[in-house]
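Structural characterization, general
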Amino acid sequence: MPSRQRAFLILASLCLLAVASFGLALLVGSFKVAPAEVLAALLGQEGGAGDVVLQLRLPRALAGFACGGLLALAGALMQVLLRNPLADPYVLGISGGAGVGAMFAMLIGLPILGINGLAFAGALGAMFLVFGLAHGDGSWTQTRLLLTGVIVAAGCGALVALMLSIAPDTKLRGMLFWLMGDLAQAGSSWPPLLALAIALALAIPFARELNLLARGLMQAQALGVAVNRLRYAIYLLASLATAASVTTAGSIGFVGLIVPHLVRLATGNDQRLLLPASVLAGGSLLVLADTLARTVIAPQQLPVGVLTALIGVPVFLFLLSRQAK
Amino acid sequence: MNPSLLEARQLVVEIGGRCVVNQLDLAVAAGERVAILGRNGAGKSTLLSTLAGLRKPAGGAVLLDGEDCTLMPPRQAALRRAWLGQFQADPFGSTVLETALTGRHPHLGRWDWETTHDAELARGAIKAVGLDGMEQRQIHTLSGGERQRLAIATLLTQAAPLYLLDEPLSHLDLNHQMAVLELFAGAARDCGAGVIMVLHDPALAHRFCDRALLLYGDGRTECAAVDDILTAKTLSELYGYGLRQLQDGNHRCFIPE
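Residues numbered from 1 in each chain as written. Chains lettered and ligands numbered in written order. Predicted model: local features only at pLDDT ≥ 70, side-chain atom pairs only at ≥ 80, totals over all residues.

Examining the overall build of chain A
Note the following rule: Strands are runs of DSSP state E lasting at least 2 residues, helices are runs of H or I lasting at least 4, and numbering of each runs from the N terminus. For a compact globule the rule gives 2.2 Å times the number of residues to the power 0.38, and the radius of gyration it is set against comes from C-alpha atoms.
Scanning chain A for helices and strands turns up 14 helices and zero strands. Listing every helix and strand of chain A by position from the N terminus yields α-α-α-α-α-α-α-α-α-α-α-α-α-α. A globule of 325 residues ought to have a C-alpha radius of gyration of about 20 Å, and chain A, at 20 Å, matches this closely.

A few points about the sheet that holds strand 8 (residues 194-198) of chain B
All names here are of chain B. For the record, the criterion: Being paired, for any two strands, means DSSP has found at least two bridges between them. Axis definition: a line fitted to C-alpha atoms, limited for helices to the stretch in contact. Angles are taken between N-to-C directions and run from 0 to 180 degrees. Contact between two residues is assigned whenever their backbone-derived C-beta positions fall within 7 Å.
Read from one edge of the open sheet, six strands run 6-7-8-3-9-10, paired in mixed fashion. The open sheet terminates on both sides in strands that have one partner only, identified here as strand 6 (82-84) and strand 10 (221-225). The sheet shows a mean angle of 15 degrees between the axes of neighbouring strands, taken without regard to direction. Inspection of the sheet shows strand 6 paired to strand 7 (residues 162-166) by three bridges, in the parallel sense. Note that in strand 7 the partner of Leu84 across the bridge is Leu165. Across the face of the sheet, helix 5 (residues 144-158) comes into contact with strand 6 and strand 7 while running at roughly 175 degrees to strand 6.

Quick word on the environment of Arg33(B)
All names here are of chain B. Here Arg33 shows up in strand 3 (residues 33-38). In sequence terms Arg33 and Ala188 are 155 residues apart; their C-alpha atoms lie 7.2 Å from each other. Apart from residues lying up to four places away in sequence, Arg33 is in contact with Ala185, Ala188, Val195, Phe208, Cys209 and Asp210.

Observations regarding the confidence of the model for chain B
Just so we agree on the cut-off: Confidence scores per residue from the predictor, reported as pLDDT, run from 0 to 100.
On average, residues of chain B score 94 in pLDDT, and 99% of them are at 70 or above. Here the predicted complex scores 0.92 on pTM and 0.91 on ipTM.

A look at unusual backbone geometry
For clarity, the threshold we go by: Residue burial is a threshold on neighbouring C-beta atoms within 10 Å of the residue's own C-beta, all placed from the backbone, with 20 or more meaning buried, 12 or fewer meaning exposed, and counts in between meaning partly exposed.
Of note in this structure, Arg83(A) is not a glycine but carries a positive phi near 50 degrees. By the secondary structure assignment, Arg83(A) is in the loop between helix 3 (50-81) and helix 4 (94-107). For Ala159(B), which is not a glycine, the phi torsion comes out positive at approximately 50 degrees. Tracing the sequence through the fold places Ala159(B) in the loop between helix 5 and strand 7. We classify Ala159(B) as partly exposed; it has 17 C-beta atoms within 10 Å.

Observations regarding the interface of chain B and chain A
Many authors give the size of an interface as the accessible area that is lost as the parts come together. Here is the rule: Three classes are used: nonpolar for Ala, Val, Leu, Ile, Met, Phe, Trp, Tyr, Cys and Pro, charged for Asp, Glu, Lys and Arg, and polar for all others, with Gly counted as polar.
Counting residues at the interface gives 23 residues for chain B and 21 residues for chain A. If you list the elements that add at least two residues to the side of chain B that touches chain A, you get helix 2 (74-80) and helix 3 (96-101) of chain B. Among the elements that make up the side of chain B that touches chain A, the one with the highest residue count is helix 2 of chain B (four residues). Considering only residue class, the side of chain B that touches chain A consists of 12 nonpolar, six polar and five charged.

Section: the domain arrangement of chain B
Residue and element names in this part refer to chain B. Heads up, the rule is: Just so you know, the domain bounds were taken from an automatic or database domain assignment.
Along its sequence, chain B is carved into domain 1 (6-81 + 160-256) and domain 2 (90-159). Computed from C-alpha coordinates alone, the two centres of domain 1 and domain 2 are separated by 25 Å. In this assembly, 14 residues from domain 1 lie in contact with 11 residues from domain 2. At the level of elements, helix 2 and helix 6 (174-191) are the ones that each hand at least two residues to the side of domain 1 that touches domain 2. The element that contributes the greatest number of residues to the side of domain 1 that touches domain 2 is helix 6, accounting for four residues. Split into classes, the residues belonging to the side of domain 1 that touches domain 2 amount to nine nonpolar, three polar and two charged.

In structure tokens form, the structure reads like this:
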């Protein structure tokens, strides 16, 4: 158990990391903006290079931070819910459902709002499908939930593949970028930021109960946790957080899996610290990765999902090999 | 008169549609120790978790401190009884001290952090089971017996007036078996704690308990003072294997024929 001071120190340094990642995201890009101009633009002076910072870079960085935070939070919650350190926000089919919705919207040529709407509807559809099927006769075991989620995700994957294969070439590139996760398509940054604030505010009061849940259902119940209610709430919260992120920026991979692990390695498994720390670390990581994605082969932009996966895979394999010992 | 710490009224327990306990009446008062004995699969653990309120009874009721435990918020129940399960699965890492501190959960408000007082209680419990000096060890590095003693320390930290123990001696070597039984005997004697434990050794049940509850697995149960019920005759019938009783002073010992 980290002491309050230690928790505060860790969160404060992660806040600094977040500020630094924003600084970098606002400064760096194919269009050169001097640090003084960035500062002036942030302080409200209009004109010149400031517009690039305020109109393009800042909203994108904010959306990236919100999506990274949402994914890391959802990942941490899913890992506790399934009591499986290898769970991630997409394991129960949320991103698959959103993918089906978004691909369909793109296929029939809906505008951005329609794509987002159908993606969110698809995510909710997958969520309720898994929930209903896994709930079944009332025995809501981890194994059954996990299996149902994995199967639904596989089904959604097949539908996505079907739509990709019949899509005309002109639409294919946009569809692929969506599937890999891309912040360039992010619209307004307020919905995901709001979702992040609400999700965190709802999760934090239950953090100590989540600590017990991670140790076992009966154990947690014996120590005074209303286990079934808590598990339903966590499932809904993690799913909605994932849906909000996926709707904003497509299915960005590995943030939700890697970040809770990294934070756990550094701080231990107390959810009271792990949840806010994961949000800060996940947000910062995605802002940094997106900055890299739009500068590494500028002026061409990479989908950020490719970069998080490229960074995530070796980091995860490294963690896994350490755990085995 | 104070209500019993725990009372079962006409309790029916079923496992997969099979009735293993039929209309059991049982009351456990402060300071009393009850052993539950029976064959494998006779329903000992299921009965114990039902008594703890972790499982809905198929019929009848379980009262904790005179209140129906199915109607009680889980946290209230956790302040009235502590339950030791048979298995501890630890998918995530944690230290010994953190694990013991989880016992304080029902005593803390939603926004409270564990205080130094809570930490002292946890350290005291860790010391009581002989794990002192290992507070910062990761639980993955503990042996089976050490993990079991840590689970018992968590229970002591919970500081409930009633202990429900499912095979508290599993994985423990002989000296720790005796130490754990002495520990709970002391809690019953000095603090007026009630103890119900599932045991496999009738000799230890005779030595450390006041009463024994025998489960025959077909719904029949029998409960009486250990001197009367733990005899070669009843135990031979219970286990379906001939046992001979040896007496050594006040201690009884049962050996297979």
